[in-house]
Amino acid sequence: MTTYAALLRGINVGGNRKLPMAELRTLMTGLGYDSVATYLQSGQAVFTTGHGDAQSLAAELTKAIEERFGFLVDVLVRDHAYLRAVMADCPFPAAELAARQLHVTYLSEPVAPERYADIDPAAHLPEEFRLGDRALYLYAPDGLGRSKLAEALARPRVHKGLIATTRNWNTVVKLVELTAAGA
């Protein structure tokens, strides 16, 4: 059995694409996943299973959500080891920053730095971003809502062809904790 986190993109935001967490837990249990738990209302679920891999589980969950709720939701599935590595590899001093200042965008595939060549890092200082293993780390000292760099990184052409979903540092840490129980 492996413990995973499912990261759902763009649900329960501004009253759109409503997906109640209790119904998501029921759906996932019906797929045969064990120890299903959700975290917050913004699309995180933790579960264990002995079948499939991260990619096939994401596809299975995406299909089941669309069939049950009637809309497409991008889903990334990551195991504890990956989530722990993303947290450990943070290039910014996470322990010294407020959680609202640090974010991780989980990506469906590895990306080359050239993808971000049109974004001038100096123009966005003191905000910064760094690439990791299928992850983009964003330091936004005034928070994500005021971040011009986050706005530039969120342009559709920047992550075209990828699933990209962002979590604040509190959620990054919590997902590591929640998936550790079955690791």
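Shown above is the structure to which this text applies.
All of these numbers come straight from a predicted model, not from anything done at the bench.

With that settled, the discussion passes to the overall build of the chain. Along its length, the chain carries five helices and eight strands. Of the regular secondary structure in the chain, the N- to C-terminal order runs β-α-β-β-α-β-α-β-β-β-α-β-α. Against the globule reference of 16 Å for 183 residues, the chain gives a C-alpha radius of gyration of 16 Å, in line with a compact fold. Seen through its C-alpha atoms, the chain measures out along the principal axes to roughly 50 × 35 × 30 Å. Looking at the chain alone, contacts between residues at least 24 apart form 69% of all its contacts between residues at least 6 apart. If you sum the accessible surface of the chain, you get close to 9300 Å²; carbon and sulfur atoms cover 50% of it.

Strand order in the open sheet formed by four strands is E2-E3-E1-E4, with antiparallel pairing between adjacent strands. Because the sheet does not close on itself, it has two edges, and the strands there are strand E2 (34-39) and strand E4 (75-79). Taken pair by pair, the neighbouring strands of this sheet meet at an average axis angle of 20°, ignoring direction. Those strands touched by helix H2 (residues 54-69) are strand E1 (2-8), strand E3 (44-49) and E4, and its axis lies near 145° from that of E4.

Relative to the elements of secondary structure, leucine 97 occurs in the loop between helix H3 (80-88) and strand E5 (102-107). Along the sequence, leucine 97 and tyrosine 139 sit 42 residues apart, while their C-alpha atoms lie 9.1 Å from each other.

This part takes up helix H1 (residues 21-30). Counting along an α-helix, one turn takes 3.6 residues, and residues three or four places apart therefore face a common direction. Inspection of H1 places Met21, Leu24, Leu27 and Met28 among the buried residues, and these make up the whole buried set. Along the axis of H1, the buried positions cluster into a sector of 115°, meaning they face one direction only. Structural note: H1 exposes Thr26 and Gly30 on the side pointing more than 90 degrees away from its buried face. For H1, the secondary structure elements touched by its buried residues are E1, E2, E3 and H2. Glycine 32 lies just past H1 and shows a positive phi near 95°.

Okay, the environment of glutamate 127 next. Within the secondary structure layout, glutamate 127 lies in the loop between E5 and strand E6 (128-132). For glutamate 127, a relative accessible area of 12% puts it in the buried group. Sequence separation between glutamate 127 and glutamate 114 is 13 residues, and the spatial gap between their C-alpha atoms is 19 Å. For glutamate 127, the contacting residues outside a window of four places in its chain are Pro121, Tyr139, Ala140, Pro141, Ser147, Lys148, Leu149 and Ala150.

Parameters at a glance
Residues numbered from 1 in each chain as written. Predicted model: local features only at pLDDT ≥ 70, side-chain atom pairs only at ≥ 80, totals over all residues. Heavy atoms only, no water. Helix = DSSP H or I, 4+ residues; strand = E, 2+ residues; numbered from the N terminus. Rg over C-alpha atoms; globule rule 2.2 N^0.38 Å. Contact = heavy atoms within 4.5 Å. Areas by Shrake-Rupley, 256 points an atom, 1.4 Å probe, with all protein chains shown as cover. Pairing = 2+ DSSP bridges. Axes fitted to C-alpha atoms, helices over the stretch in contact; angles between N-to-C directions. Buried < 20%, exposed > 50% of the residue type's maximum accessible area, 1.4 Å probe, protein only. Arc of directions from axis to C-beta.

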